[in-house]
Amino acid sequence: MSIVLSGMRPTGRLHIGHYFGAIQNWVYLQDKYECYYFVADWHALTTNYEDTSNIKKYSREMVIDFFASGLSLDKSNIFIQSKNPYHAELFLILSMITPISWLERCPTYKEMKSELGKVGKQLSNFGFLGYPVLMASDILLYNAEYVPVGIDQQAHLELTRETARHFNNIFEDDVFNLPQPLITKNPKLPGIDGRKMSKSYNNAIWLDEDLDSVKKKILTMKTDTNRKRRTDPGNPFICPVFDYHRVFSTEEEKNLIIDGCKNAKIGCIDCKKILLKHLLEFLSDFQEKRRVISNNYRDFDLDDIISKGQEKACDRARKMIDIVRKVIKF
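Just so it is clear, the structure is predicted and the values come from calculations on it, not from any experiment.

### Here we look at the packing of aromatic side chains
Two aromatic rings are characterised by how far apart their centres lie and by the angle between their planes.
Here's step 1: Considering all chains together, one arrives at 20 aromatic pairs under this definition.
Here's step 2: Measuring from centroid to centroid gives 5.4 Å for W26 and F66, while their planes differ by 65 degrees, and the two rings are edge-to-face. With W26 in helix α1 (residues 16–29) and F66 in helix α3 (residues 55–69), this pair connects stretches of sequence that are 40 residues apart.
Here's step 3: Using a relative accessible area of 1% as the deciding quantity, one classes W26 as buried.
Here's step 4: Here the aromatic residues Y19, F20, F248, F282 and F286 are joined through ring pairs into a cluster of three or more.
Here's step 5: Sitting above the plane of the Y201 ring, R195 keeps its charged end 4.3 Å from the centroid.

### Some remarks on the pattern of salt bridges
Here's step 1: Following the criterion strictly, the structure yields 21 salt bridges and no others.
Here's step 2: E158 is paired through a salt bridge with R165; the nearest N and O atoms lie 2.8 Å apart.
Here's step 3: Close ionic contact of E253 with K277 constitutes a salt bridge, the shortest N to O distance being 3.0 Å. Here E253 is found in helix α12 (residues 251–262), whereas its partner K277 is found in helix α13 (residues 268–296), with 24 residues between them in sequence.
Here's step 4: Connected through shared salt-bridge partners, E61, D65 and R290 make up one network.

### Quick notes on the nonpolar core
Here's step 1: Grouped together as the largest cluster of nonpolar side chains are 56 residues, with contacts concentrated most on I16, I205, Y244 and L279.
Here's step 2: For this core, the element with the most residues is α13, which contributes 9 residues.
Here's step 3: Those residues in contact with Y244 that lie beyond four places of it in its chain are I16, L189, P190, G191, M197, I205, M221, S249 and L275.
Here's step 4: Counting 42 residues, the second-largest nonpolar core is a separate cluster that includes Y36, F79, A136 and I139.

### A look at the pairing of strand β3 (residues 76–80)
Here's step 1: Summarising burial for β3: 5 of the 5 residues are buried, a large majority.
Here's step 2: Burial of β3 is two-sided: the residues S76, I78 and I80 facing one way and the residues N77 and F79 facing the other way are all buried.
Here's step 3: Note: strand β2 (residues 34–39) against β3, 5 bridges, orientation parallel. Considered in β3, the bridge of V39 is made with I80.

The rules behind these values
Residues numbered from 1 in each chain as written. Predicted model: local features only at pLDDT ≥ 70, side-chain atom pairs only at ≥ 80, totals over all residues. Heavy atoms only, no water. Phe/Tyr/Trp six-rings, centres within 6.5 Å; stacked < 30°, edge-to-face > 60°. Helix = DSSP H or I, 4+ residues; strand = E, 2+ residues; numbered from the N terminus. Buried < 20%, exposed > 50% of the residue type's maximum accessible area, 1.4 Å probe, protein only. Lys NZ or Arg CZ within 6 Å of the ring centre and 35° of its normal. Salt bridge = Lys/Arg side-chain N within 4 Å of Asp/Glu carboxyl O. Core = buried A, V, L, I, M, F, W, Y, C linked by side-chain atoms within 4.5 Å. Contact = heavy atoms within 4.5 Å. Pairing = 2+ DSSP bridges.

Printed below as a string of structure tokens:
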């Protein structure tokens, strides 16, 4: 069975962008592939190195969110990145052969550095520049055939493929597969200000957020800025709210909104109320599942909960590192 691998950083609460952009797809894939999903706590250090006090807590909460979303310990191998030291070893080896220019051209490097710099986050550290190498190590350590990614993340995966080709060429041995992308079908959900949804931008809707708070956020959410008055026609295809309708609303409702917005038959508040009906129902159901699961695991350590997946991941990684050591004559 083909191997799929993906991970997520425990840098705080998960938002609906995480769910629809990644986790929902992971749940679907676990019935088709041998899946390895990990808590990327070493990756969390790239932007949260100055305060690591909550990483352990966030890791546990993230795994509970995974379960509430439908991931199963019987179908997926869930593990903690830092509990598997072979990630760090392969990262070190690959960093020796990776050109700096490859890292500097990574599309999100300058963007994130600039945006987070505006809020006082210093990201001139090697770890942040080199995170694509660690990401490549995560993937190649399991010789994953497939990696689920959004359209905007394909460049990151291509760097992993370049790294694998580079290693194979240098050591004249086809050690690594060239992983293929599995494109997430759901459209990207923007933040309430229209930018990328992110904790750093303070524009997210959280999976565990109070429903009254969610309602206030949606009702004040940015819409088509060219539509100044209720009687002005709008363009739903440039409106962030319509991106949510693509995910939550029925085809009939979407058609109604497209026609109503373009011809000024409905206002933005009417449009948002249709969305809220579905969004609040989704969050209410998710939060109830999460409460039950959290109570069930209240007396268990995370290490105990995911021990089976952790053991399997470490065993597979150890075998791959043995091959790499042999190839580089270490």
